[in-house]
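# A look at the structure
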Amino acid sequence: MHTRIIGDPRKDLYTGIIVAVTGAFIFVAAIAVFGAMIYRRVGEINSMRSEIQLRLTEVDILARLTSGYAAARPYLDALKNILPAKDELIVLDRDLEALAKEVGVGFGFSFRGETLSSQSGAGAIQFDLLLQGDFFKLLEYLDRVNKLTYYIKFPGVQLTSGPGGYVMSLSGILFTR
């Protein structure tokens, strides 16, 4: 026959409570550890999403700039031709003088100063012209100067009558790249 030994019921109850509390503590600790791991991974995923969104925005901007550059490229060459390089202007006074001879007006030329071109703006060469002749020939000269490939602005113009016709004094600015 078997005899069964009956233990202390209080001891069995305490042991059961300790096992249950220990199991609950391990369960809560496991949930806390896994929660922290999940929280860290979610942070990494959100960071990666932000990085991907930033890269997508950069790619979109680059694509727009590339297409804009392709559309503007023909105009850039035209702009380069409108604004000559400073080195190309060595013959400016000779060009203006030759034009004056063609039209038949007296010609005087002097440089006043220079502003170098920069990333933010064009350069400029300031000069003075003194023209003498018939009124309509002076107008023809200005019309021909306007048709030159240079971009010249005349902010100051004075016209006076003299013994041989009219005298026109012009302050000019020639823009360069």
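Residues numbered from 1 in each chain as written. Predicted model: local features only at pLDDT ≥ 70, side-chain atom pairs only at ≥ 80, totals over all residues. Heavy atoms only, no water.

On the surface, Leu 13, Tyr 14, Ile 17, Ile 18 and Val 21 cluster together into a nonpolar patch covering about 530 Å² of accessible area. Positionally, Val 21 belongs in helix H1 (residues 9-82). (Patch = residues over 30% accessible without salt bridge, like charges linked within 9 Å, V, L, I, M, F, W, Y side chains within 5 Å. Areas by Shrake-Rupley, 256 points an atom, 1.4 Å probe, with all protein chains shown as cover. Salt bridge = Lys/Arg side-chain N within 4 Å of Asp/Glu carboxyl O. Helix = DSSP H or I, 4+ residues; strand = E, 2+ residues; numbered from the N terminus.)

The next point concerns helix H2 (residues 92-103). Its twelve residues give H2 an end-to-end C-alpha distance of 17 Å, which sits within 8% of 16 Å, the value for a rise of 1.5 Å per residue. Inspection of H2 places Leu 92, Leu 96, Leu 99, Ala 100 and Val 103 among the buried residues, and these make up the whole buried set. Taken around the axis of H2, the buried residues stretch over an arc of 100°, which confines them to a single face. Those residues of H2 that are exposed and angled more than 90 degrees off the buried face are Lys 101 and Glu 102. Of the surrounding secondary structure, the elements contacted by the buried residues of H2 are strand E1 (106-115), strand E2 (123-133), helix H3 (135-147) and strand E4 (165-176). Just past H2, the residue Gly 104 takes up positive phi, approximately 95°. (Expected span 1.5 Å × (residues − 1). Buried < 20%, exposed > 50% of the residue type's maximum accessible area, 1.4 Å probe, protein only. Arc of directions from axis to C-beta. Contact = heavy atoms within 4.5 Å.)

Right, let's talk about the pairing of strand E3 (residues 152-162) for a bit. Both E3 and E4 contribute to a ladder of nine bridges, which runs antiparallel. Across the sheet, Lys 153 pairs through a bridge with Ile 173, a residue of E4. In this antiparallel pair of consecutive strands, E3 and E4, the connection spans two residues. (Pairing = 2+ DSSP bridges.)

What follows covers the pattern of salt bridges. Enumeration over the complete set of coordinates arrives at nine salt bridges. Between Arg 41 and Glu 44 there is a salt bridge; the shortest N-O distance is 2.9 Å. Highlighted residues: Arg 41 and Glu 44, both in helix H1, separated by three residues, approximately one helical turn. A relative accessible area of 46% means that Arg 41 is categorised as partly exposed. Taking the relative accessible area as the measure of exposure, Glu 44 reaches 28% and is therefore partly exposed. Across the pair Arg 55 and Glu 58 runs a salt bridge, and its minimum N-O distance is 3.0 Å.

This paragraph deals with the packing of aromatic side chains. All told, the structure shown has six aromatic pairs when counted by the stated rule. Aromatic side chains Phe 109 and Phe 111 sit 5.0 Å apart centroid to centroid with 90° between the ring planes, which places their arrangement in the edge-to-face category. Taken together, a centroid distance of 5.5 Å and an interplanar angle of 80° make the contact between Phe 135 and Phe 136 edge-to-face. The exposure class assigned to Phe 136 is exposed, which follows from its relative accessible area of 62%. One aromatic cluster is present, formed by Phe 107, Phe 109, Phe 111, Phe 127 and Phe 154 through successive ring pairs. (Phe/Tyr/Trp six-rings, centres within 6.5 Å; stacked < 30°, edge-to-face > 60°.)

On to the environment of Thr 57. Secondary-structure assignment places Thr 57 in helix H1. There is a polar contact of 2.9 Å between the side chain of Thr 57 and the backbone oxygen of Gln 53. (Polar contact = N/O pair within 3.5 Å; in protein donor to acceptor, adjacent residues only side chain to side chain.)

Let us now look at H3. Taking 1.5 Å of rise per residue, the 13 residues of H3 would be expected to cover 18 Å, and the 19 Å separating its terminal C-alpha atoms lies within 8% of that figure. Buried positions along H3 lie against H2, E1, E2, E3 and E4. Put simply, Asp 134 is the residue that caps the front of H3, since its side-chain oxygen is 3.2 Å from the backbone nitrogen of Phe 136.

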